[in-house]
Each structure stands twice: as structure tokens, then as C-alpha cells.
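# Observations on chain architecture
Spelled out, the chains give:
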Amino acid sequence: MVFLTSRRITKAVFQAVSFSAVALRGGRISKADNEQFLISLNELSVRLDEPASYDDLFLLAQEHGLPVCDAAHLNIAMQERIPLASLDAQLVPAAQTAGVPLFNP
């Protein structure tokens, strides 16, 4: 059983919006479908956590050359003091540089 914390929900929503944006740019969904998807996300009865500081999130992304979404993953691991589970070629070295342990099953 998986328990979703609000941080995990936030991450999932970020990813869903990102996938939607990529699909729209690639012509795989219409603008109307994308707008309906975004409306449906706003109708979810979920309270989302926001990062402690968007400035810090942006700086973390810049410092490590990461997309903001990946920087958000790193930021959560740093704030929660938990290992990061990733095989991403940019995120893994960024975590190591930042002193964040990697999850090793």
C-alpha cells in the first residue's frame, strides 16, 4: 500500500502538468483537451504543499543545471532529509554534490 503525502501529490501534479504541456507542444492533445485537464486538476479536493521558497528552488535548479521539476525532487529530499530515488543522469550527481544520499534498495 502506498500512502501519498501532500508532497508526493504535489510532485505528481507537477509531472502531470509537465506531461500535458509536452503533449500539447507535440500535437498529441488539443488546446481544448489541455484546458479541460487543467480544470479537472483544479477541481481535485487536495491541498498542495508549496516549496518553502520558489527563489531557492530556482537557484537550486540553476546551481545544478537541473530542470525545475528535478530541482523540486532534490529540494524535497533535502528538506525531509531522506534518500533520493533516481537514476536520472543529471539528478544523481546533483544529489551527490548536495550531500543527499541516494536510495539503495
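Below you will find a few notes about this structure. (Residues numbered from 1 in each chain as written. Predicted model: local features only at pLDDT ≥ 70, side-chain atom pairs only at ≥ 80, totals over all residues. Heavy atoms only, no water.)

What follows concerns helix H5 (residues 91–98). Among the residues making up H5, those that are buried are Leu91, Val92, Ala94 and Ala95. Summarising the axial view, the buried residues of H5 lie within an arc of 165 degrees, below the 170-degree limit, and thus occupy one face. Away from its buried face by more than 90 degrees, H5 exposes Gln96 and Thr97. Buried residues belonging to H5 abut helix H3 (54–64) and helix H4 (68–80). Within two residues after H5, glycine 99 carries a phi angle of roughly 80 degrees, on the positive side. (Buried < 20%, exposed > 50% of the residue type's maximum accessible area, 1.4 Å probe, protein only. Helix = DSSP H or I, 4+ residues; strand = E, 2+ residues; numbered from the N terminus. Arc of directions from axis to C-beta. Contact = heavy atoms within 4.5 Å.)

Taken N-terminus to C-terminus, the directions of H4 and H5 make an angle of 35 degrees; their axes are 11 Å apart at the nearest point. Here H4 runs over H5; the crossing is right-handed. Each of Asp70, His73, Leu74 and Met78 in H4 lies in contact with H5, whose residues at this interface are Leu91, Ala94, Ala95 and Ala98. For the contact of H4 with H5, the per-class residue count stands at six nonpolar, one polar and one charged. (Axes fitted to C-alpha atoms, helices over the stretch in contact; angles between N-to-C directions. Left-handed = near helix turned anticlockwise from the far one by under 90°. Nonpolar A, V, L, I, M, F, W, Y, C, P; charged D, E, K, R; others polar.)

Before going further, it helps to examine a nonpolar patch on the surface. On the surface, a nonpolar cluster with roughly 290 Å² of combined accessible area is contributed by Phe58, Leu59 and Val68. Structurally, the position occupied by phenylalanine 58 is in helix H3. In this structure phenylalanine 58 comes out as partly exposed when scored by relative accessible area, which is 46%. (Patch = residues over 30% accessible without salt bridge, like charges linked within 9 Å, V, L, I, M, F, W, Y side chains within 5 Å. Areas by Shrake-Rupley, 256 points an atom, 1.4 Å probe, with all protein chains shown as cover. Salt bridge = Lys/Arg side-chain N within 4 Å of Asp/Glu carboxyl O.)

Spatial relationships are all this shows, so hold off on functional conclusions.
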